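# Commentary on secondary and tertiary structure
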Amino acid sequence: DELISQIAAGEMVERPASVVRELLDNALDAGARQITVRLASGGVRLISVEDDGLGIPREELTVALRRHATSKIASLSDLETVGTMGFRGEALAAINAIAELSILSRFTGADSAFVLDGGTGELRPVARSVGTTVEVRELFFATPARRKFLKTDATELAHCIEAVRRHALARPEVGFSVWHDGKLIEQWRAAATPEQRLADALSDDFVSQSVSVLREGGPVRVVGRAGIPDAARSRNDHQFFYVNGRFVRDKVLSHAVRSAYEDVLHGQRQPVYVLYLEIDPARVDVNVHPTKIEVRFRDGREVHQAVRHAIEDALAAPRA
Ligand code: ADP
Ligand code: MG
């Protein structure tokens with residue numbers, strides 16, 4: 001089982017940012033409104049994610065680190081309609097196999113919090129308000145070869161921040177802050193509007209130099225913002241796709257955007273955009289990649305057309 005966890009971890013955890021992604025998924029699944037990420041040395045020494053979500057009941061805490069321990073789906077058919085970010089019950093077990101893990105949690109309505117030591121399995125009472133803090137120390141300590149593949153702390157930190165930004169763009173109503181080596185480096189307060197979050201987590205320029213995208217009525221609802229061609233800067237780090245709230249990379253989607261921009265950018269510059277797709281969960285498979293960053297659409301053409309037309313219409317609309 002230890003070996004299987006190691007292998008699963010290898011596919012799921014490439015670098016500190018992968019751990020950040022999994023822990024943020026869990027915090028959001030737990031209904032957190034405020035999430036604090038603390039990192040040391042680019043996340044290699046420490047990744048701590050603190051949330052004010054519903055917490056973990058004591059009896060679940062003792063089994064949370066077992067592989068396939070998930071509270072989120074009960075049967076295979078639930079996989080078709082899964083509405084949570086997690087569903088495999090693999091992340092914590094995998095992380096525990098490659099780092100020093102501890103989970104501190106107080107469940108809603110419980111009168112005490114408990115801390116679980118992932119190494120010894122020991123559980124003891126501690127003080128904490130309702131919510132969960134997961135601490136991951138010394139990533140890849142047992143596999144020096146993996147640790148050697150990591151880049152500088154600055155690069156790993158940048159990837160961690162990007163992971164938080166992806167989640168922050170998905171959930172404007174949740175507040176996020178990121179600390180590194182004791183310093184507050186990013187803070188995005190719970191936003192009243194999606195535009196406010198885009199301005200905070202990307203830039204004011206991104207909002208002022210983009211148009212609003214909205215296409216509904218078909219099988220794929222598309223909302224978001226797309227850069228105005230005259231202003232579109234040549235940067236490929238402002239390209240975000242979400243499918244049912246999940247950040248994804250997808251060739252069908254990026255091709256659809258490129259074709260919508262073809263006549264205006266002539267392939268000279270990169271479009272910038274943040275697009276949120278809502279689609280019947282039965283029409284997209286999210287269980288195709290260990291990191292869940294890839295999805296498979298049942299009908300790629302219908303998605304391609306929806307995205308392409310959504311952007312073409314937005315770019316053609318008169319602007320105030
Ligand atoms: P999954 O997210 O696929 O269910 P994980 O290994 O990521 O699997 O987490 C295992 C279980 O631990 C979750 O199903 C959930 O019940 C619990 N859990 C993990 N993190 C949190 C959290 N921050 N708040 C509440 N429960 C959590
Ligand atoms: Mg999870």
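Throughout this document, residue positions are counted from 1 along each chain, in the order its sequence is written. The lettering of chains begins at A and the numbering of ligands begins at 1, in the order of writing. Local features are withheld for residues below a pLDDT of 70 in this predicted model, meaning they are given only at 70 or higher, and side-chain atom pairs are given and counted only at 80 or more; totals for whole chains, interfaces and linings count all residues.

Here we take up the overall build of the protein chain. Secondary structure assignment for the protein chain yields 10 helices and 15 strands. Whereas a compact globule of 320 residues would reach a radius of gyration of roughly 20 Å, the protein chain reaches 20 Å, a difference of no more than 12%. Each of the three principal axes of the protein chain carries a C-alpha extent, and together these read 60 × 45 × 40 Å. When the 320 residues of the protein chain are sorted by exposure, 40% land in the buried category. What counts as a contact is two residues whose backbone-derived C-beta atoms lie within 7 Å of each other. When contacts within the protein chain are restricted to residue pairs at least 6 apart in sequence, long-range pairs at least 24 apart make up 66% of them. Helix and strand labels come from DSSP, where a helix needs a run of H or I of at least four residues and a strand needs a run of E of at least two; each type is numbered from the N terminus. With C-alpha atoms as the basis for the radius of gyration, the globule rule is written as 2.2 Å multiplied by the number of residues raised to the power 0.38. Between the buried cut of 20 or more and the exposed cut of 12 or fewer other C-beta atoms within 10 Å of a residue's own C-beta lies the partly exposed class, and all C-beta atoms are placed from the backbone.

A separate point is the domain arrangement of the protein chain. Under the domain assignment, the protein chain is made up of domain 1 (2–188) and domain 2 (202–316). Between the C-alpha centres of domain 1 and domain 2 the distance comes to 28 Å. Facing the 11 residues of domain 1 at the interface are 12 residues of domain 2. Breaking the side of domain 1 that touches domain 2 down by element, the ones donating at least two residues are α1 (2–12) and α6 (153–170). How far each domain reaches was decided by an automatic or database domain assignment.

Below, the discussion takes up the nonpolar core. Remark: nonpolar core denotes a set of buried Ala, Val, Leu, Ile, Met, Phe, Trp, Tyr and Cys residues whose joining runs through C-beta atoms within 7 Å. Grouped together as the largest cluster of nonpolar side chains are 86 residues, with contacts concentrated most on Val20, Leu24, Ala94, Ile95, Val164 and Val307. With 8 residues, α6 is the single largest residue contributor to this core. Look past the residues within four positions of Val307 in its chain and what remains in contact with it is Val222, Leu253, Ala256, Val257 and Leu275.

Time to look at the sheet that holds strand β9 (residues 210–215). Strands sit in the order β9-β10-β13-β11-β12 across an open sheet of 5 strands; the sheet is mixed. In this open sheet, the two strands that pair with only one neighbour each are β9 and β12 (246–248). For this sheet the average axis-to-axis angle between neighbouring strands, irrespective of direction, equals 20°. Both strand β10 (residues 220–227) and strand β13 (residues 273–279) contribute to a ladder of 7 bridges, which runs antiparallel. Its bridge partner being in β13, Val222 is matched across the sheet by Leu277. Strands in contact with helix α10 (residues 300–316) are β9, β10 and β13; relative to β9, the strand with the most contacts, it is inclined by about 135°. The pairing criterion is simple: DSSP has to find at least two bridges between the two strands. Axis definition: a line fit to C-alpha positions, over the contact stretch in the case of helices; interaxial angles, taken between N-to-C directions, run 0 to 180 degrees.

A residue counts as near a molecule or strand when its C-beta atom, positioned from the backbone, falls within 6 Å of it. Near ligand 1, the surroundings consist of 23 residues, among which Asn26, Ala30, Thr70, Ser71 and Gly86 are the closest. Listed by contribution, the elements that provide at least two residues to the shell around ligand 1 are α2 (16–29) and α4 (91–98). Polarity classes work like this: nonpolar for Ala, Val, Leu, Ile, Met, Phe, Trp, Tyr, Cys and Pro, charged for Asp, Glu, Lys and Arg, and polar for all others, with Gly in that last group. Counted by class, the shell around ligand 1 contains 9 nonpolar, 8 polar and 6 charged residues.

Moving on to unusual backbone geometry. At Glu138, a residue that is not glycine, the phi angle is positive and equals roughly 55°. Note on placement: Glu138 falls in the loop between β6 (131–137) and α5 (144–148). You will see that Asp181, though not glycine, has its phi angle at about 45°, which is positive. Within the secondary structure layout, Asp181 lies in the loop between β7 (175–180) and β8 (183–188).

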